[in-house]
Protein chains: 2
Amino acid sequence: MLATYRLRSDAGSIGERARALAVEQSIEMPLDAVRDARVRAEVVGEVRSIEPATAQPGCFDVTLALAAETVGDEPGQLLNMLFGNCSLQPDVELLDLELPEPMLRNLPGPRFGVAGWRAALGAGAAARALSCSALKPQGLPADALAALAYALARAGIDVVKDDHGLADQPAAPFAQRVPAVQRAIERANREKAAGDGPLAGHRSVYAPSLSGGPKRLAAQLRIVRDEGVGAALVCPMVIGIPGFVELVRAEAGVPLLAHPALAGHARIGEPLLLGKLFRLFGADATIFPNWGGRFSYPREVCLAIADSAREPLGKHLPILPVPAGGMSVARVPEMLDDFGPDTMLLIGGNLLAAGDAMPARATEFAARVAHAFQTQAS
Amino acid sequence: MLATYRLRSDAGSIGERARALAVEQSIEMPLDAVRDARVRAEVVGEVRSIEPATAQPGCFDVTLALAAETVGDEPGQLLNMLFGNCSLQPDVELLDLELPEPMLRNLPGPRFGVAGWRAALGAGAAARALSCSALKPQGLPADALAALAYALARAGIDVVKDDHGLADQPAAPFAQRVPAVQRAIERANREKAAGDGPLAGHRSVYAPSLSGGPKRLAAQLRIVRDEGVGAALVCPMVIGIPGFVELVRAEAGVPLLAHPALAGHARIGEPLLLGKLFRLFGADATIFPNWGGRFSYPREVCLAIADSAREPLGKHLPILPVPAGGMSVARVPEMLDDFGPDTMLLIGGNLLAAGDAMPARATEFAARVAHAFQTQAS
C-alpha cells in the first residue's frame, strides 16, 4: 500500500527523516539489526517519492510503500500501521492512501451507500438531496425528544438523528428513548401517508446514536432491530474502528451515519479519514464540519471530503457526504450548489433557534432540499 | 467534572470563545433555543475560570464545569463529552480533568497496578524497577519470535512484550505465535528456576499484543487464558476505549500494558491521556516516548506522565510508567534516577542492534534495572 505523509523538514534532512518514518511504520527497529532476508526485502517500509509540498513551504510530501502483510485483515491494524507510532511525532501528518486491489476488496466498505439511503426513505427520495436534523439538547427526557422527532418528521425532514452527545444517560436511556422516538416517527409517517399536499407519502427515518463497548452495543443493536429503526448514528473514533467494523457495520442491518467526534485530533487528512477510510470501514454517510460554521475547515477540504465519499473506490459503494456544524436554512441553496444531489444536509441548532417557528423553519428546510433537484429535472 | 482546555485566542474574544466551548461540549445548540429549565440549569456547560497561559503567550487556560450526567457510566462517552466535537477545532487542547468522587469511583481503573506486576513476576521483583523488551521485527515467523523471547527471558528481562505492530498477520498469526512464545518463556523460566547465579529463580512474563474487534479479541483472550500467559499489551486508542474497558480490562485477568499508538496528536495533554485517563480506563502500566529518543516529548512532560500514573487518584491503584521509544542501555541509570523504582524500562531496538551480542546486552540491561534499587536498599 502507498501512504503519503506530509513531513516538516529541511531539504537536507528529509531523505533521512523519510527513511526513519518508513522504518517506524513497519518494523520499528534499527534496520541494521534485521537479519531475516525476507523481512528486509518484503516487510520493511520503502520510500517511494519525496516532493516539496507546494502548498506548505518547509514541508515535504513523502510516499511510503508499506507491506500489506503488516496489516493482515483487520481495519484497526490498518490505522495502527498507517499512523500508530507516528501520531506521536508532531512533524508528521497522514495525507493519503492507495490500497492494492486485494486489500481494497477485503475491507468491508458501506453496505447501503447512497442508493441504500434512498431506498430506506422511499420513492419520494429518488434522485434528490436529503435533509437531516438532530434531536437535542441532551438532558431532555425521552418523551420530549420524541415530541421533537415527531415535529421534525411532520415537517418533512428525511433523517432525524440523535445528537451525537446522546448516549445511554439517565435523562433519556437508550432503551426508553429509542422506542419512544421510533413510535413518534412512525406516527408522523402514518399521518403523512394518509394526508395530501406536498408531504403526502413522505417517509422519515430515525438514526439513534449507538455507543459503548461490545455488550452495550449488542444490546442497542437488538433494540434497533426489534423496534424497526431505519438507520443509526455512530462515532467511529469514539467506539473504535475494530468495534465499528466487526459489530456495528456487520450487524446493524441499517444505513450508518458516521459522526466525526474525536476524529479531528489525529493529524490525519480529513478527506482521507472522514471520506475514504470511514467509507472503507463501512459508513453509508459521513458528517463533517462544513466551511463557514462553528469549525474551521476550508471549502476545498469540504469538497475533497465529498469527493472521497463518492469517487470510484474499487468495489465499494459511494456514500453521502453530510456537511454540517452550524449550518443554516439560508445556506441551503449554496450548499446544494456545492455538493449536488447525492448529499444529505444536516441542520440542527438553526432549526431549534426558531423557537415557536421551528416547525415552519424545518418545513422550509426540508422543502428546499427536497425540491432543488426535482425542479431542475422537470 | 472540571475540564481544563488551552484556547488560542485574543483577550477580547476569550470570554465568548470559552462560553461557546462550554456549549459545544454539552448541549451543542444555541443557548437561546433551550427552553427546558432543568437543562439550562443543570446540563449546559459553565465557564468556571479563564487564566492567561503563562507558558504560552496568546493562549488562555479555560476551566469548564461539565455535567456528569452527560457522560453517564460509559468511558467512551467521557472522551466524547471531553473532546469529541472540539477535537475538530484547531484552537483547542484538552489539558486536565478533575472528576467528582462518584464518577471517579465508577470508572474501572487498573485491576493490578504496580503491586500486581510485582506479584506476577514473583518475589525477586519486589521493590525494584522492572525491565521490558519487545519481540520484533514483525514479518518473522512464530518460531523465530519464540527464539527471541527465550533469549530475552534467559537474559533476565522481566516483561517480554510483542511489538505493538504484531497483530494477527499471516507471518505469525496470534493463535500460533502466542502459544509458541509462551512455551519459550516457560522453558527459560524453568531453566532459571533450576539454575543458580544472579538469575536463579527469576521469572519472566509474556505480554502478547491484543487487537481487533470484539469477536477477535474474545478469541485472543481465550488463548491468553488457556496458555497461562501472564500479561497483555494493548493500544487503547486503536481498539477503542469502550472495547478496552468492557472487554479487555474486564476479561483479560492479567496486568495490561497500554501502548500509545494513535494517541499522540498533541491535542490532549499527554499526562492526562496516557497517564490519568488510560489508568482510569484500566491500564496497569503505560508506555510513553521518553525524551531524547525518536519522539519529541520534553522531559517535564515525561515526568508529569509518570506522576499521573502513580499519584493518588481516589480508590484507584497506581500504575507503572514505562518510558520507551529509542532508549538505550547506556541511559538506564539516568532513567532510573528520573523515574525511581516504581517504573518499567522498555528497550527494544537497542538490544537487537547488538547483533550477536544481544544476549549480553539484554543481560546487562536486566541486571542494571534489577540491581539499582536493591543496592541502594542494602
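Note that this is a predicted model, so its numbers are computed, not measured.

1. A look at the relation of the copies chain B and chain A
In screw terms, the move from chain B to chain A is a rotation of 180° and a rise of 0.0 Å along the axis, fitting with an RMSD of 0.1 Å. Put plainly, the chains are arranged around a two-fold axis. Measuring from the rotation axis to each C-alpha of chain B, the shortest distance belongs to Gly240(B), at 1.8 Å. Comparing interface residues between copies, 99% of those in chain B also lie at the interface in chain A; the contact surface is shared.

2. Overview of helix H13 (residues 332-339) of chain A
Residue and element names in this part refer to chain A. All buried positions along H13 are accounted for by Val332, Met335 and Phe339. When H13 is viewed along its axis, its buried side chains cluster within an angular range of 65° and face the same direction. The exposed set on the far side of H13, more than 90 degrees from its buried face, consists of Pro333, Glu334 and Asp337. Residue glycine 340 follows H13 closely and has a positive phi angle near 75°.

3. Here's the deal with the nonpolar core
Of all hydrophobic cores here, the largest spans 260 residues; its most connected members are Ala149(A), Ala232(A) and Ala149(B). Each residue touching Ala232(A), except ones within four places of it in the same chain, is listed here: Ala207(A), Pro208(A), Leu210(A), Val224(A), Ala252(A), Val254(A), Leu256(A) and Leu257(A).

4. With respect to the packing of helix H6 (residues 142-154) of chain B against helix H7 (residues 174-194) of chain B
Residue and element names in this part refer to chain B. Between H6 and H7, the least distance of the axes is 8 Å, while the angle of their chain directions is 25°. If you check the angle between H6 and H7, you find them roughly parallel. Note that H6 runs across H7; the crossing there is right-handed. In contact with Ala142, Asp143, Leu145, Ala146, Ala147, Ala149, Tyr150, Ala153 and Arg154 of H6, H7 contributes Gln176, Arg177, Ala180, Val181, Ala184, Ile185, Arg187, Ala188, Asn189 and Glu191. Across the contact of H6 with H7, the residue classes tally to 12 nonpolar, 2 polar and 5 charged.

5. Regarding the interface of chain B and chain A
With 76 residues of chain B at the contact, the number on the chain A side is 75 residues. Residue composition of the side of chain B that touches chain A, by class: 35 nonpolar, 25 polar and 16 charged.

6. Topic: the sheet that holds strand S2 (residues 46-52) of chain A
All names here are of chain A. With antiparallel pairing, the 4 strands of this open sheet are ordered in space as S2-S3-S1-S4. Either end of the sheet is taken by a strand with one partner, and the two such strands are S2 and strand S4 (92-98). Recorded for the sheet is a direction-independent mean angle of 25° between the axes of neighbouring strands. In this structure, strand S1 (residues 2-8) lies alongside S4, joined through 6 bridges in antiparallel fashion. What sits directly across from threonine 4, in S4, is aspartate 96. With respect to the sheet, helix H1 (residues 14-24) is in contact with S1, S2, strand S3 (59-65) and S4, its orientation differing from that of S2 by roughly 140°.

7. Things to note about the environment of Met1(A)
Residues and elements named next belong to chain A. Relative to the helices and strands, methionine 1 is located in the segment before S1. For methionine 1, a count of 18 C-beta atoms within 10 Å gives the class partly exposed. Taking the C-alpha atoms as reference, methionine 1 lies 9.5 Å from glutamate 101; in sequence the two are 100 residues apart. Dropping the residues within four chain positions of it, methionine 1 is found in contact with Leu66, Ala68, Leu97, Glu98, Leu99, Pro100 and Met103.

8. A closer look at the pairing of strand S5 (residues 130-135) of chain A
Residue and element names in this part refer to chain A. S5 sits mainly inside the fold: 6 of its 6 residues count as buried. Where S5 lies against strand S13 (residues 344-346), 3 bridges are found, and the strand directions are parallel. Its bridge partner being in S13, leucine 130 is matched across the sheet by methionine 344. Regarding topology, helix H6 (residues 142-154) serves as the crossover connection from S5 to the parallel strand S6 (residues 159-162), and that connection is right-handed.

9. Here we look at the domain arrangement of chain A
Interface size is commonly expressed as the accessible area that is lost once the parts come together. All names here are of chain A. Domain annotation for chain A reports domain 1 (2-106) and domain 2 (113-377). For domain 1 and domain 2, the distance between their C-alpha centroids amounts to 35 Å. Contact residues are listed per partner, giving 14 residues for domain 1 and 13 residues for domain 2. Among the secondary structure elements, those contributing two or more residues to the side of domain 1 that touches domain 2 are helix H3 (75-83), S4 and helix H4 (101-106). The greatest single-element share of the side of domain 1 that touches domain 2, amounting to 5 residues, is contributed by S4.

10. Some details on the sheet that holds strand S1 (residues 2-8) of chain B
Residues and elements named next belong to chain B. Ordered in space as S2-S3-S1-S4, the 4 strands form an open sheet in which the pairing is antiparallel. The sheet is open, and its two borders are formed by strand S2 (46-52) and strand S4 (92-98), each paired with just one other strand. Averaged over all adjacent pairs, the angle separating strand axes in this sheet is 25°, with direction ignored. Bridge analysis of S2 against strand S3 (residues 59-65) gives 6 bridges, and the strand direction is antiparallel. Its bridge partner lying in S3, glutamate 46 is registered against alanine 65.

11. Here we look at the confidence of the model for chain A
Residues and elements named next belong to chain A. Per-residue confidence for chain A gives a mean pLDDT of 92; residues scoring 70 or more make up 98%. Across chain A, strand S7 (residues 205-207) holds the top mean pLDDT of 98, while helix H15 (residues 358-377) sits lowest at 86. In the predicted complex, the global pTM is 0.90; the interface-specific ipTM is 0.87.

12. Details of unusual backbone geometry
At the junction of Lys136(A) and Pro137(A), the peptide bond is cis and its omega measures out at 0° in the coordinates. Non-glycine residue Glu28(A) carries a positive phi angle of around 55°. Mapped onto the secondary structure, Glu28(A) falls in the loop between H1 and helix H2 (37-43). Phi at Ala127(B) is positive, roughly 55°, even though this residue is not glycine. With 10 C-beta atoms packed within 10 Å, Ala127(B) lands in the exposed category.

13. Brief notes about helix H12 (residues 299-310) of chain B
Residues and elements named next belong to chain B. Helix length check: H12 (12 residues) gives 17 Å between terminal C-alpha atoms against 16 Å at 1.5 Å per residue, within 8%. Listing the buried residues of H12 in full gives Cys302, Ile305, Ala306, Ser308, Ala309 and Arg310. The inward-facing, buried residues of H12 abut helix H11 (270-281), strand S11 (285-289), strand S12 (320-324) and helix H13 (332-339).

Conventions and cut-offs
Residues numbered from 1 in each chain as written. Chains lettered and ligands numbered in written order. Predicted model: local features only at pLDDT ≥ 70, side-chain atom pairs only at ≥ 80, totals over all residues. Least-squares fit on C-alpha atoms with pLDDT ≥ 70 in both. Contact = placed C-beta atoms within 7 Å. Buried ≥ 20, exposed ≤ 12 C-beta atoms within 10 Å, placed from the backbone. Helix = DSSP H or I, 4+ residues; strand = E, 2+ residues; numbered from the N terminus. Arc of directions from axis to C-beta. Core = buried A, V, L, I, M, F, W, Y, C linked by C-beta atoms within 7 Å. Axes fitted to C-alpha atoms, helices over the stretch in contact; angles between N-to-C directions. Parallel < 35°, antiparallel > 145°, perpendicular 65-115°, else oblique. Left-handed = near helix turned anticlockwise from the far one by under 90°. Nonpolar A, V, L, I, M, F, W, Y, C, P; charged D, E, K, R; others polar. Pairing = 2+ DSSP bridges. Right-handed = clockwise from strand over helix to strand, strands pointing away. Domains from an automatic or database assignment. pLDDT = per-residue confidence, 0-100. Expected span 1.5 Å × (residues − 1).

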